[in-house]
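One letter stands for each residue in the lines below.
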Amino acid sequence: KSRDLFILMETEFYGKVVKDDLDRNVHMNNTAYVKYFDKARFDFLDRVSMGPEDLLMRDLAFVIRSTEYRHRVEMKEGEEFVVKTDIEHYCGGPFVFLKQTMESPTGKTCEARIKYVFTEASGMKRHIENIPEDLIGKINPINVVKLAS
């Protein structure tokens, strides 16, 4: 069995570590990473016309199913960063995997792999069977590569 890997030009979301992001060790708290990854996710979805308003008109929501974070380097107050977001893969059905990387001038600070599922927005209980074709088109892949399972 093979699956499709969609490669999209990544989006970039810029930020700066502020005092409220710090923990007792005076570096960025893990929850702050999640906050900025989430902001970058909404920015990404808005750029591909799949933001919350676009999806709600179809009674759809794009919700987190599972996450994996890898912290590499501590970040301090005032440090600037960029979160790069792109589609890691889509293999049919309701699931989409995003890859996000937070980088500062000192290098990669954190990486995230996030599995999202499309659900019915009105109930938020049922995932849909397949993503509508026109939404897949909005992701606008520049390459589709077949991978062996």
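Anything mentioned here points back to the structure above.
Criteria and cut-off values
- Residues numbered from 1 in each chain as written.
- Predicted model: local features only at pLDDT ≥ 70, side-chain atom pairs only at ≥ 80, totals over all residues.
- Heavy atoms only, no water.
- Helix = DSSP H or I, 4+ residues; strand = E, 2+ residues; numbered from the N terminus.
- Buried < 20%, exposed > 50% of the residue type's maximum accessible area, 1.4 Å probe, protein only.
- Contact = heavy atoms within 4.5 Å.
- Pairing = 2+ DSSP bridges.
- Axes fitted to C-alpha atoms, helices over the stretch in contact; angles between N-to-C directions.

(A) Region of the structure containing the environment of Phe97. Tracing the sequence through the fold places Phe97 in strand S5 (residues 95-104). A relative accessible area of 10% places Phe97 in the buried class. Leaving out residues up to four positions away in the same chain, Phe97 has contacts with Asp86, Ile87, Glu88, His89, Arg113, Ile114 and Lys115.

(B) A look at the sheet that holds strand S6 (residues 107-120). Strand order in this open sheet of 5 strands is S2-S4-S5-S6-S3, and the pairing throughout is antiparallel. Looking at the sheet topology across the chains shown, the edges are occupied by strand S2 (11-16) and strand S3 (60-71). On average, each strand axis in the sheet is inclined to that of its neighbour by 25 degrees, with strand direction left out of account. Relative to S5, strand S4 (residues 80-89) is paired through 7 bridges, and the arrangement is antiparallel. By the bridge assignment for S5, Val83 is matched with Met102.

(C) How the structure looks around the pairing of S5. A large share of S5 lies buried, amounting to 8 of its 10 residues. Bridge count for S5 against S6 is 10 bridges, and the pairing is antiparallel. Within S6, the position partnered with Leu98 by the bridge is Ile114.

(D) Representation of the environment of Val96 in the model. You can see Val96 is positioned in strand S5. Sequence separation between Val96 and Ile114 is 18 residues; the distance between their C-alpha atoms is 8.4 Å.

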